[in-house]
Amino acid sequence: MTSGDHVKDPTPFIQHGHNLETRLESLTGFLTPNDLFFVRSSGPTPRLALDPYRLRVEGDAIERPLELTYEELLRLPRRTLIAYLDCAGNWRRFFQLLMGKPAPGTQWGTGGIGCAEWTGTSLARVLELAGVRADAVDVNLIGLDDASFSRPLPIAKALDENTLLAYRMNGETLPPDHGFPLRAVVPGWIGCNSIKWLGRIIVSSRKVWVTNNTSDYVLIGPEWPRRDHSPAEGAPLTTQSIKSALALPWPASLAPGRQRLRGIAASPHGTISLVQWNVDAAAEWQPALLSS
């Protein structure tokens with residue numbers, strides 16, 4: 001395995017070190033093109049070869065530890081779905097308006113989000129092959145990147161038919177920056193659950209605690225007391241929040257006169273049925289035209 005920063009051209013993006021933020025004003029359709037899809041990584045993009053790639057499935061809550069080659073994964077029942085991914089830190093730069101200083105972490109604007117068509121096999125099918133036991137509690141997904149990034153899923157979410165192990169993105173082989181050869185796609189949950197460069201799955205009969213559900217990606221404060229979530233420092237984040245944004249640079253200025261503005265709206269709970277806009281806090285809110 002060798003490493004570099006990115007395989008795709010980073011120049012169309014707002015660059016935050018290893019992370020690339022989509023410029024929403026560059027999007028023209030419902031699906032985000034692969035070359036414009038945001039990148040959230042803990043380090044350089046790894047270059048992985050299909051030989052000797054294996055997906056390992058193990059743990060004390062399965063009957064049959066197994067290894068699957070890429071070709072074996074391709075032969076499993078195929079599923080295609082459209083889902084958006086949204087980094088948990090998306091919009092972080094705007095916390096400065098509330099706090100008077102930047103919040104720790106990547107200073108995302110509105111572009112840490114993208115929507116794609118994903119094709120792969122369900123995680124449930126792979127766990128079925130391994131003989132998941134009735135006492136399974138957590139499924140830890142571990143990447144092959146230098147950070148071995150991982151985020152455990154509760155067994156119920158892991159067995160959801162829409163929790164996908166994807167090897168294609170928008171009809172193309174999954175690009176390296178987005179997890180080639182295999183990644184998880186966990187619709188509706190914060191992006192860190194959709195582990196890229198997936199190489200190992202551990203199914204446990206006990207709750208699994210890692211950095212990314214104890215001190216990172218948790219809600220910390222008086223509303224989420226540590227005593228209720230120990231050993232985590234607060235409540236681990238799961239479901240995304242409803243968001244909408246105009247497809248404009250920040251800050252943006254518009255010439256006087258009639259304008260046609262585009263934007264995005266996303267919900268983890270179902271189809272967006274209404275988006276409203278207004279240009280003056282004193283004015284009446286108006287419905288936007290929805291397209292998909």
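The structure this text deals with has already been given above.
Residues numbered from 1 in each chain as written. Predicted model: local features only at pLDDT ≥ 70, side-chain atom pairs only at ≥ 80, totals over all residues. Heavy atoms only, no water.

(A) Quick peek at helix 3 (residues 123-130). When we look at burial in helix 3, the residues that qualify are Leu123, Ala124, Val126, Leu127 and Ala130. One side of helix 3 holds all its buried residues, which, seen down the axis, span an arc of 160 degrees. Remark: Gly131 follows helix 3 within two positions and exhibits a positive phi of approximately 75 degrees. (Buried < 20%, exposed > 50% of the residue type's maximum accessible area, 1.4 Å probe, protein only. Helix = DSSP H or I, 4+ residues; strand = E, 2+ residues; numbered from the N terminus. Arc of directions from axis to C-beta.)

(B) How the structure looks around the pairing of strand 9 (residues 138-143). Of all 6 residues in strand 9, 6 are buried; the element is thus mostly enclosed. Here strand 9 shows no split at all, with Asp138, Asn140 and Ile142 on one side and Val139, Leu141 and Gly143 on the other all buried. Bridge count between strand 9 and strand 10 (residues 150-154): 5 bridges; the pairing is antiparallel. Its bridge partner being in strand 10, Leu141 is matched across the sheet by Arg151. Where strand 9 folds back on strand 10, the antiparallel hairpin that results is connected by 6 residues, among which Ser148 adopts a positive phi of roughly 45 degrees. (Pairing = 2+ DSSP bridges.)

(C) Structural detail: the sheet that holds strand 9. Spatially, the 5 strands line up as an open sheet ordered 6-5-14-9-10, and their pairing is mixed. The strands lining the two open edges of the sheet, one partner per strand, are strand 6 (66-68) and strand 10. Along the sheet, successive strands turn relative to each other by an average axial angle of 15 degrees, direction set aside. Pairing of strand 9 with strand 14 (residues 198-204) involves 6 bridges; the strand directions are antiparallel. Bridge assignment links Asp138 to a residue of strand 14, and that residue is Ser204. In the packing of helix 3 onto the sheet, contacts are made with strand 5 (55-58), strand 6, strand 9, strand 10 and strand 14, and the angle to strand 5 comes to roughly 60 degrees. (Axes fitted to C-alpha atoms, helices over the stretch in contact; angles between N-to-C directions. Contact = heavy atoms within 4.5 Å.)

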